[in-house]
Amino acid sequence: LSRFSFSTSIHHGTGGLEVDEAQAAELFLRAANQNFPEAQMILSHLYEEGRGVERDLEKAAFWEKQALDNGDEEAAYLYGLRLYEEGDEDNGIRNLTFAADQKYSLAADKLGDIFRDQEKFEKARFWYEQALENEDLIAEDIQKKIDALP
């Protein structure tokens, strides 16, 4: 955990440390190789954005999948979203459901959208209400979606 904390401090320049994204990426890689899902997810973002490392979407996807395999709810959300948008609806919904069950509000909100679009309004309402319980930052938007359901 201390390696992860140090990596985070270097990445964000906190604790009196200079921002050094390349060094932070190296330290996140070490933590990721020890199956630390938060480090794996951050490393995925770094590869996707090319921050501290050369941009590499295959490595970004690899580390996102590793984080998913280690139970990271953000990874489950992003992976589920990607699968759903690529046409693998069943596996997409399965991963989004895992994330939503872990109280990841964006996943619950997305499931609400999916079921609303499929005109499965009771399921849509259920997931919107789950998102509403989990996160007040998007509560107003979610409440509008609930109110618009038949």
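Residues numbered from 1 in each chain as written. Predicted model: local features only at pLDDT ≥ 70, side-chain atom pairs only at ≥ 80, totals over all residues. Heavy atoms only, no water.

## Overview of the confidence of the model for the protein chain
- Put simply, the protein chain has an average pLDDT of 86, and 85% of its residues get 70 or more.
- Here residues 1-14 is modelled with pLDDT under 50, and outside its nearest four sequence neighbours on either side it reaches 36 contacts, counting other chains as well. (pLDDT = per-residue confidence, 0-100. Contact = heavy atoms within 4.5 Å.)

## What to know about the pattern of salt bridges
- The full count for this structure, using the stated rule, is nine salt bridges.
- Arg51 is the partner of Glu21 in a salt bridge, and the nearest nitrogen-oxygen pair spans 2.7 Å. Here Arg51 lies in the loop between helix H3 (37-49) and helix H4 (57-69) and Glu21 lies in helix H2 (residues 21-33), a separation of 30 residues in the sequence.
- Judged by relative accessible area, which is 23%, Glu21 ranks as partly exposed.
- Judged by its relative accessible area of 31%, Arg51 is partly exposed.
- Connected through salt bridges with shared partners, the residues Asp109, Asp113, Arg116, Asp117 and Lys145 form a single ionic network. (Salt bridge = Lys/Arg side-chain N within 4 Å of Asp/Glu carboxyl O. Helix = DSSP H or I, 4+ residues; strand = E, 2+ residues; numbered from the N terminus. Buried < 20%, exposed > 50% of the residue type's maximum accessible area, 1.4 Å probe, protein only.)

## As for the environment of Ala107
- Position of Ala107 relative to the elements: it lies in helix H7 (residues 105-117).
- On the basis of relative accessible area, Ala107 is assigned to the buried category, the value being 0%.
- Between the C-alpha atom of Ala107 and that of Gln130, which follows or precedes it by 23 residues, the distance is 9.7 Å.
- When neighbours within four sequence positions are excluded, Ala107 is seen to be in contact with Tyr77, Leu96, Ala99 and Ala100.

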